[in-house]
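Residue-level structural notes
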Amino acid sequence: MTGRDPLGRAPWILVVPAVLGAGVLLVPLAAMVAATDPRGLADALASEAARDALWLSVSTSTAAMLVSLVIGLPLAWLLARVDFPGSRLVRALVIVPMVLPPVVAGIALRSAFGRSGLIGEPLLDLTGFAFPYTTSGVVLAHVFVALPFLVISIEGALRSTGSGYDGAAATLGASRWTTFRRVTVPLALPGIAAAMVLAWARSLGEFGATITFNGNYPGTTQTMPTLIYVARQSDADAALALSLIMLLVSVGVLVALRDRWLVTA
Amino acid sequence: MTLAARLAIPGRLDVEVDAEPGDVIALVGPNGAGKSSFVHALAGLQHAEGSALLGGRDLLALAPQEREVGVVFQDQRLFPHLSALDNVAFGPRSRGEPKHSARAAARTWLERLGVAELADRKPAQLSGGQAQRVAIARALVTDPDLLLLDEPFTGLDVGVAATLRIELGKHLADFRGITLLVTHDALDALTLATTVVVLDSGRVAQVGTPAEVAAQPLTEHVARLVGLNVLRDGDRLRAFSPAAVTVSRHAPADSARNRWHGVVRGAAPHGDAIRLQVTGERDLIADVTPAASRELALVPGQEVWLSVKETAVTTYDARADAASD
Amino acid sequence: MRRGTPVVATVLVLSTLAACGTDDADSLQVLAAASLTDVFTDLADQFEADHDGVEVELSFGSSTDLAEQAADGAPGDVLATADRAAMALAEDAGVVADPQVFATNMLVIVTPPGNPAGIATLADLDGATWVRCADDVPCGRVALDVLAAAGVDAEPASLEEDARATLDKVVSGEAEAGLVYATDAVAAGADVASIPIDGAEEQLTSYSIGALDQAEDGDLAQEWVDLVTGDEGEAALAEAGFGPP
């Protein structure tokens, strides 16, 4: 990184927008840090609501990431490796939740899993269980928004490793399941890890679908973003302090994972 | 166990190949002739119509996993996350052998290929020749009835390829199954094969022993591969060696039949001689001594006359079925 | 032509932005609590009819959000909030001189039509799946007071970010009951059944309005305040379910 680049200096026509890009991302965060009262930060950290919400955010995001992996990895594999009728349509539909406004995602979840929803109503009649207002409901909402990110990035990883090794494994007598386990997944592992981090991060920041579908109750459904949103109604400083805590936790986790996984992806 | 394969990929390939146990069939032909497609279709990695009876089983009716063919790929396709040993043990393991005995078998084959000391290395830590040895071990460890080698020496250094070719020859001599070798190299075909199948535009253009094909090639491509000039004369072909060609700056005064006017397009050392590529009414190659090359100033762009004595020309039938008698 | 397109697009975007920045001299910008949407929209038509050439621009949102924006000096002529705490934000920032209380609202219980859970009083909420506003938002503070006054200690399933979100949970059938403002119940019409709460009238929430310091035309802003606090305003507010100040 030090010394002259043998290819010559980076041209300003690229450097200027690049600096602008970094600025757009970093200045608001820096301003938020600057605006936070350190005492408020200590208070926020000490509050039970904040610790509950932080724990709930981290645990539901982790659960959502794992659930997404269990159902998303096979889906990504299917899209990347199996030529089935309508695969293009499925691929297009899978990413729709990425562009849905979060509130719409919440309404869609409610239509399916709400107490009078398509699946929710028979589920409630059969088992007495309903997703809304439960931590499982939070995980469900997180999965709904995080899964598309996981699926398309794993699909990309699977495509970039190519099917040549799968073919080689087949000629050696490996069944498709063995090939998936012993060849496909190990080769795509960096991409899969990056996809998991992406899903976790998306899930951690998820707010709109969760609050629409699950509401907000401390310890059960109140995640950090929901707490920040509600706190902002009454105490902007507390909301700022909570935001900073969330920022620190997410940056901490992402940096810790980055060196290990994200760079190699 | 015999092989009777008739494979068709509509618009691309329609090829029939028969082989007896112990046969090494070399598939030669220009790029796009269908050599690799044929091999991939036999391995089950590409869809094809027809049938491929191997000891009575139709391979085409089976999934690739069930065909029990060994494949050595042009780019090796060693699993990058597994050691050389585990790459070779992958086949036996996938066929249900316990880890221990699979590894023992893998070690034996790495030893046979002379790379036992590299067992713990990952493919990225192997040279091209070493990786190809591991790939050959991986294909042979499962004791396949049919071994498919897709340009196994492409991309290797000349010296490495030469050593490996000799060694592969030894293993193939011991191998009781049928080997199909896709190659670009006349040397592979001539030294390793018992039968040469020449493909052109998805069809079989010639079948014969290496000696027959080398002496009387039916296609321009094989003529070039074996270093012969071949001219079509009605339904007869006339072949002559580049060493038999006389090169001069002026039109020779004698016999008018075997002489052509052309322009030198390329000149490169070939053994002790300089081999000239000449284009004109015919595309021909001619070998001259370095001294003659200097004296006549045979540089690209130079106009020349080529001639050959009638006694140096072999004339034979142009039909594929007549070549192997 | 291909090269020209992005330039044209850029110019268009910039000129659109510029247009947003220039305030029309004959417009009145009203920042109002979301619960005032229906009433203020009707009053705006009337105001425009009475003032030739004046256009009323209504901006609805959470009272706290709007008060914060006004305190930050955001463009606006009038601020109307759903509680006094939000208005106090603007007063403390010195952008509103002396706000007036112009309406009140009180809590009611709403249930899905037909009241499937058979809720009649606050005490019936115990054991039901019910929702209210979060403790920190205005409607939540009122709900806490009302529940405390009635001596009811029932656990809600969710603490919603505002009254509309609370109502939405009931309308969609995800909650068996909710505590919302009387005006929300009126606005929801036949989508909910409304049950009055004994003693709710003791815990009224007060709507305040005031002309903003940054108003372009202070007189026009005051005329809007007068319309809202006058007879016509009172009638419209009453029809929407608001109580008198």
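Residues numbered from 1 in each chain as written. Chains lettered and ligands numbered in written order. Predicted model: local features only at pLDDT ≥ 70, side-chain atom pairs only at ≥ 80, totals over all residues.

**Focus: the overall build of chain A**
This is how it is decided: Comment: elements are numbered from the N terminus, with helices defined as DSSP H or I runs of at least four residues and strands as E runs of at least two. Partly exposed residues are those falling between the two cut-offs: more than 12 but fewer than 20 other C-beta atoms within 10 Å of their own, whereas 20 or more means buried and 12 or fewer means exposed, with C-beta atoms placed from the backbone.
A tally of helices and strands in chain A yields 13 helices and 0 strands. Written out in order from the N terminus, the α and β elements of chain A read α-α-α-α-α-α-α-α-α-α-α-α-α. For chain A, the C-alpha atoms occupy an extent of roughly 70 × 65 × 30 Å along the three principal directions. Out of the 265 residues in chain A, the part that is buried amounts to 40%.

**Quick word on the overall build of chain B**
As a reminder of what qualifies: What counts as a contact here is a pair of residues whose C-beta atoms, placed from the backbone, lie within 7 Å.
Of regular secondary structure, chain B possesses 9 helices and 18 strands. Taken over the C-alpha atoms alone, chain B extends approximately 80 × 40 × 30 Å along its principal axes. With 325 residues in all, chain B has 43% of them scored as buried. Sequence separation of 24 or more characterises 63% of the internal contacts of chain B that already satisfy a separation of 6 or more.

**Topic: the interface of chain B and chain A**
Definition in use: Polar here means any residue outside two lists: the nonpolar Ala, Val, Leu, Ile, Met, Phe, Trp, Tyr, Cys and Pro, and the charged Asp, Glu, Lys and Arg; Gly therefore counts as polar.
Between chain B and chain A, the residue contacts involve 17 residues of the former and 14 residues of the latter. Elements with a minimum of two residues in the side of chain B that touches chain A: β6 (69-72) and α2 (84-94) of chain B. Per-class residue counts for the side of chain B that touches chain A are 9 nonpolar, 6 polar and 2 charged.

**Remarks on the domain arrangement of chain B**
Put simply, the rule reads: Domain start and end points were adopted from an automatic or database domain assignment.
When cut into domains, chain B gives domain 1 (3-215) and domain 2 (227-317). Here the C-alpha centre of domain 2 of chain B lies 38 Å away from the C-alpha centre of domain 1 of chain B.

**Some words on the arrangement of the chains**
Looking at the 2 pairs of chains with contacts, the pair that accumulates the most is chains A and C. The two units chain B and chain C are non-contacting; their minimal C-alpha-C-alpha distance is 40 Å.

**Concerning the interface of chain A and chain C**
Between chain A and chain C, the residue contacts involve 18 residues of the former and 18 residues of the latter. Considering only residue class, the side of chain A that touches chain C consists of 8 nonpolar, 7 polar and 3 charged.

**Points about the nonpolar core**
Quick note on the threshold: Nonpolar cores are identified as sets of buried Ala, Val, Leu, Ile, Met, Phe, Trp, Tyr and Cys residues joined via C-beta atoms within 7 Å.
Counting 127 residues, the largest nonpolar core has B:Ala26 and B:Leu42 as the members making the most contacts within it. Ignoring any residue separated from it by four or fewer positions in sequence, one finds B:Ala26 in contact with B:Leu181, B:Thr183, B:Asp188, B:Ala189, B:Leu192, B:Ala193, B:Val196 and B:Val197. Among the nonpolar cores identified, the runner-up in size contains 51 residues, and C:Leu125, C:Cys133, C:Val142 and C:Val192 belong to it.

**Notes on the environment of B:Ala286**
Residues and elements named next belong to chain B. Within the secondary structure layout, Ala 286 lies in strand β16 (residues 284-288). Note on Ala 286: 26 C-beta atoms within 10 Å, which makes it buried. As for Ala 286 and Asp 58, which are separated by 228 residues in sequence, their C-alpha atoms are 48 Å apart.

**Overview of the pairing of strand β9 (residues 195-200) of chain B**
Residue and element names in this part refer to chain B. Worth spelling out the cut-off: Paired strands, in this sense, are two strands between which DSSP finds at least two bridges.
Taking burial as the measure, the 6 residues of β9 include 6 buried ones, the bulk of the element. Burial along β9 is two-sided: the residues Thr 195, Val 197 and Leu 199 and Val 196, Val 198 and Asp 200 are all buried. Looking at chain direction, strand β3 (residues 24-28) and β9 are connected through 4 bridges and run parallel. Opposite Val 28, over in β9, you have Val 198 as the bridge partner. Pairing of β9 with strand β10 (residues 203-208), which is carried by 5 bridges, proceeds in the antiparallel orientation. Within the sheet, the bridge partner assigned to Asp 200 lies in β10 and is Arg 203.

**Considerations on unusual backbone geometry**
All names here are of chain B. Within the chain, Glu 68 stands out as a residue other than glycine whose phi angle is a positive 55°. Relative to the elements of secondary structure, Glu 68 occurs in the loop between β5 (57-58) and β6. At Glu 151, a residue that is not glycine, the phi angle is positive and equals roughly 45°. With respect to the helices and strands, the residue Glu 151 is situated in the loop between β7 (146-150) and α5 (158-174).

**Considerations on the sheet that holds strand β15 (residues 273-280) of chain B**
Paired through their backbone hydrogen bonds, the strands of a sheet run either parallel or antiparallel. Residue and element names in this part refer to chain B. Short version of the rule: Here, axes are lines fitted to C-alpha atoms. For helices the fit covers the stretch in contact, and angles between N-to-C directions go from 0 to 180 degrees.
Reading across the sheet, the 5 strands line up as β13-β17-β14-β15-β16 and stay open at both edges, with antiparallel pairing between neighbours. Strands at the two margins of the open sheet, each flanked by one partner only, are β13 (245-248) and β16. In this sheet, neighbouring strand axes are inclined to one another by 45° on average, regardless of whether the strands run parallel or antiparallel. Pairing geometry for β13 and strand β17 (residues 303-308), over 4 bridges, is antiparallel. Note on β17: the bridge partner recorded for Val 245 is Val 308.

**Quick word on the packing of helix α8 (residues 135-161) of chain A against helix α10 (residues 176-205) of chain A**
Residue and element names in this part refer to chain A. Test applied: By definition in this entry, angles of less than 35 degrees are roughly parallel, angles greater than 145 are roughly antiparallel, angles of 65 to 115 are roughly perpendicular, and the rest are oblique. Left-handed describes a crossing whose near helix is turned anticlockwise from the far helix by less than a right angle; the clockwise case is right-handed.
Orientation of α8 relative to α10, taken along the N-to-C sense of each, is 155°, at an axis distance of 8 Å. When the axes of α8 and α10 are compared, the pair comes out roughly antiparallel. Regarding α8 and α10, the two cross each other, and that crossing is right-handed. Contact residues: His 142, Val 145, Ala 146, Phe 149, Leu 150, Ser 153, Ile 154, Gly 156, Ala 157, Leu 158 and Thr 161 in α8; Thr 184, Leu 187, Ala 188, Gly 191, Ile 192, Ala 194, Ala 195, Met 196, Leu 198, Ala 199, Arg 202 and Ser 203 in α10. The residue makeup of the contact of α8 with α10, split by class, is 15 nonpolar, 7 polar and 1 charged.

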